[in-house]
Amino acid sequence: MKDDLLSNDSANPHLEQLLGARAAGSATRRQILQAGLGSAALAFFGLPAQAAGGGGSAIGFRPIAAATDDAVRVPEGYTLQLLYAWGDPISLGPAFRGDASNSAPEQAEQAGMHHDGMQFFPFVNDGRPSSTHGLLCINHEYTDEGLLHVGGTAAWSHAKTLKSQNAHGISVIEVQLRGGGSELRWQIVRPSAYARRITARTPMRIDGPAAGAVDMRTRDDRRGNVVFGTLANCAMGLTPWGTYLSCEENFNGYFNASGTPTAAQRRYGIREGGSGLRWHEHDSRFDVASEPNEANRFGWVVEVDPWQPGRPPVKHTALGRFKHEGATVTLASDGRVVVYMGDDEAFEYIYKYVSRDRFIAGSSATSGRWLEVGTLYVARFEADGRGQWVALQHGQNNLNEANGFAGQAEVLIRARQAADLVGATKMDRPEWIAVQPQSGEVYCTLTNNRQRVTADAANPRADNAFGHIIRWREDAGDAAAGRFSWDIFVLCGDSQHSDANKRGNIRGDSFGSPDGLFFDRAGRLWIQTDVPGRLMNHGDYQRIGNNQMLVADVASGEIRRFLTGPSGCEITGLTATPDSCNLFVNVQHPGEVPGARSDPARPLAVSGWPANQFAEVTGGRPRSATLVIRRRDGGVVGT
Ligand code: FEO
Ligand code: CA
Ligand code: CA
Ligand code: CA
């Protein structure tokens, strides 16, 4: 679901692998956390972290050609395994039925639709994080209602609304590499005490400055600090205390605002009919006329502790409300927690959050308020290659009552309008952000923006069809710095395009609409693409092929194509085991029809994936799924 209407008219992988670790005992966990922080601190001070596998950051595989076929392709010498597709049970739950006849309660115990951001959390054996056993947290961003129900959206009902809500949210599954030789396979551990679905109906807590604010109170929650559910969960983040951050992106489309929307609602794209979903017909929370404040309770970053299935998720209002793409966590020189975040819409902004308190190695998930108390900033990119983080703090930078902000709660609930007021730089759709583990440089995908008429230094192409990747280096290498230097890592494009503006400057394989972004432990940059369906293999994109994943050597600038996806899909979400030998990758919405729901009478009209590629899947509809990629010789993926 991508909103085309314009509403702005105005870790260190070593840290990642170690700090996400679970230990059987708290002492072991503490040791792991301390080990991880040491390495993280090295990286943030600009010193090289220890390279994994001794391989450095070089790319070692033969790139593959662009492809338009209905399959996933990877380079020679690699294996693909299908792990977790829409409808698969998370534990001993109900099996998927290929005619979409699973009920709403069954869907709540199965994989949701449209897999997106994802994170591997290793178990710890003898003090070492495992690369063969862990938990996977996976976002389910949205649904294709044509595929989700028998008969699609015909005879729309309460039961269909419930099933749709249960197909959203997050999965937590336990996974393990089992067997040997040719039988070596990742499996979902069933039953698992950790297996969990968080849906658009799961109760969760709200904390931070906007919790309890008048604008957060509803008929069902007069205190304004408990909300049912999370939705539009796009990309993610990993905290140093070992929890998962899931980000609410296109939440506006779920709400129906009849009549004249307020300026704040317009600024967030809340309007009559939403994006065409019909939840409001059976759940008055999504009818703005009935419950005007419910939409203020979405558009946040949600924290989940995958190791504590009984602990409710928390929405952290200190990180601001916008269409959150991801939440990439790193540590400042003094140990404060820094979170980089994009707001993915044309002409929206890049944000940074800095905690008040320092993270102390060994701290547990419940021992600090790092995401509850801190300062939100927004980026201003200056034409001379410098930039500034401007605080969105009530009482500073004209954020006061005279300008429509009565307090910090309003600044955070209407963060877009606060950012407008302080002169933030309008970007070409900020998507994922990743921190280079050796240099601490920060990379951000700007996926595309065909609505841009006037180029500026940081968004240097009008009619930006292919997007670009921008990067910045914080002053003194300190993630909490107030100023930074920036440049453009790559202008994406088609190397043979007749229009010089659309050729880009890629050293290597052509691609466009960069979205997912991930640094592996050795510092290779993995790039995933999200070319919109209406453009894929057409017009400017006719030689680019299906959505894909590439690998960049950021030192040399070389980029090679590693994976191509099936028809109509997006490739989004990736995470690796600590040894970098297993890469988990998501294929989202295979067979998506541009601008419409799939026809339930012809579910395989565009794609028959994954059943057409994996013998163990029989029949059924096209399904988003998690894949595992390994090298045949068991080595580090990408080398
Ligand atoms: Fe959900 Fe901006 O991608
Ligand atoms: Ca995305
Ligand atoms: Ca995208
Ligand atoms: Ca998308």
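- For the protein chain, an unreviewed UniProt entry supplies the name Twin-arginine translocation pathway signal and the organism Accumulibacter regalis.

Considering the sheet that holds strand β14 (residues 336-342)
So, point 1. One open sheet accounts for 9 strands, arranged β13-β14-β16-β17-β18-β23-β22-β21-β20; its pairing is antiparallel. Looking at strand neighbours, the two that pair on one side only are β13 (328-331) and β20 (430-435), the edges of this open sheet. Within this sheet the neighbouring strands show an average axis-to-axis angle of 30 degrees, counted without direction.
So, point 2. Judged from the 4 bridges that link them, β13 and β14 form a sheet pairing that is antiparallel. By the bridge assignment, Thr328 is partnered in β14 with Tyr340.

Quick notes on the coordination of the calcium ion (ligand 3)
For a metal with four tetrahedral donors the ideal donor-metal-donor angle is 109.5 degrees, while six octahedral donors give ideal angles of 90 or 180 degrees.
So, point 1. Looking at the calcium ion (ligand 3), one finds its protein donor set to be Glu431 (OE), Asp515 (OD) and Asp530 (OD), positioned 2.2 to 2.4 Å from the metal centre.
So, point 2. Taken in sequence order, the residues that donate to the calcium ion (ligand 3) follow the motif E-x83-D-x14-D.
So, point 3. Distance-wise, the calcium ion (ligand 2) is placed 3.6 Å from the calcium ion (ligand 3), both being coordinated by Glu431. Of the two residues, Glu431 sits in strand β20 while Asp530 sits in the loop between β26 (525-529) and β27 (548-552), which places them 99 residues apart along the sequence. In this pair, the class of Glu431 matches that of Asp530, namely buried.

A few points about the side chain of Asn293
So, point 1. Relative to the helices and strands, Asn293 is located in the loop between α6 (263-267) and β11 (301-304).
So, point 2. Owing to a relative accessible area of 17%, Asn293 belongs among the buried residues under this scheme.
So, point 3. Those residues in contact with Asn293 that sit more than four places away from it in its chain are Val214, Asp215, Met216, Arg217 and Thr218.

Some words on the coordination of the calcium ion (ligand 4)
So, point 1. Ligation of the calcium ion (ligand 4) by protein atoms is provided by Asp530 (OD) and Glu570 (OE), these donors lying 2.3 to 2.6 Å from the ion.
So, point 2. The two metals, the calcium ion (ligand 4) and the calcium ion (ligand 2), are separated by 5.2 Å. Of this pair, Asp530 sits in the loop between β26 and β27 while Glu570 sits in strand β29 (residues 570-576), and the two are 40 residues apart along the sequence. The exposure classification of Asp530 matches that of Glu570, with both residues buried.

What to know about the nonpolar core
So, point 1. Counting residues in each nonpolar core, the largest one holds 125 residues, and the members touching the most others are Met341, Leu392 and Phe562.
So, point 2. Residue contacts for Phe562: discarding those within four places in its chain leaves Phe61, Ile64, Arg73, Val74, Pro75, Tyr78, Trp526, Met549, Leu550, Val551, Ile629 and Val637.
So, point 3. Membership of the second largest hydrophobic core comes to 21 residues, among which are Ile350, Met427, Val442 and Phe484.

Digging into the sheet that holds strand β28 (residues 558-564)
So, point 1. Taken in spatial order, the 5 strands line up as β24-β28-β27-β26-β25 in an open sheet, and their pairing is mixed. Of all strands in the sheet, those bounded by a partner on one side alone are β24 (507-508) and β25 (514-519).
So, point 2. When β25 meets β26, the two strands line up antiparallel, connected through 4 bridges. In the strand pairing of β26, Leu517 is matched with Ile527.

Regarding the pattern of salt bridges
So, point 1. Under the definition given, this model contains 39 salt bridges.
So, point 2. A salt bridge links Glu106 to Arg97; the nearest nitrogen and oxygen atoms lie 3.3 Å apart.
So, point 3. Taking the relative accessible area as the measure of exposure, Arg97 reaches 35% and is therefore partly exposed.
So, point 4. Asp633 is the partner of Arg631 in a salt bridge, and the nearest nitrogen-oxygen pair spans 2.7 Å.
So, point 5. Residue classification places Asp633 among the exposed positions, given a relative accessible area of 57%.

Topic: the packing of aromatic side chains
So, point 1. Per the counting criterion, the structure on display carries 34 aromatic pairs.
So, point 2. Seen from their ring centres, Phe121 and Tyr244 are 6.3 Å apart, and the 75 degrees between their planes marks the pair as edge-to-face. Here Phe121 is found in strand β2 (residues 115-125), whereas its partner Tyr244 is found in strand β10 (residues 244-248), with 123 residues between them in sequence.
So, point 3. Tyr244 sits in the buried class, given a relative accessible area of 0%.
So, point 4. Both rings, one in Tyr443 and one in Phe519, keep their centres 5.3 Å apart while their planes meet at 75 degrees; by these two values the pair is edge-to-face. With Tyr443 in strand β21 (residues 442-446) and Phe519 in strand β25, this pair connects stretches of sequence that are 76 residues apart.

About the cut-offs
Residues numbered from 1 in each chain as written. Chains lettered and ligands numbered in written order. Predicted model: local features only at pLDDT ≥ 70, side-chain atom pairs only at ≥ 80, totals over all residues. Heavy atoms only, no water. Pairing = 2+ DSSP bridges. Helix = DSSP H or I, 4+ residues; strand = E, 2+ residues; numbered from the N terminus. Axes fitted to C-alpha atoms, helices over the stretch in contact; angles between N-to-C directions. Donors = N, O, S within 2.8 Å, 3.2 Å for Na, K, Ca; no water. Buried < 20%, exposed > 50% of the residue type's maximum accessible area, 1.4 Å probe, protein only. Contact = heavy atoms within 4.5 Å. Core = buried A, V, L, I, M, F, W, Y, C linked by side-chain atoms within 4.5 Å. Salt bridge = Lys/Arg side-chain N within 4 Å of Asp/Glu carboxyl O. Phe/Tyr/Trp six-rings, centres within 6.5 Å; stacked < 30°, edge-to-face > 60°.

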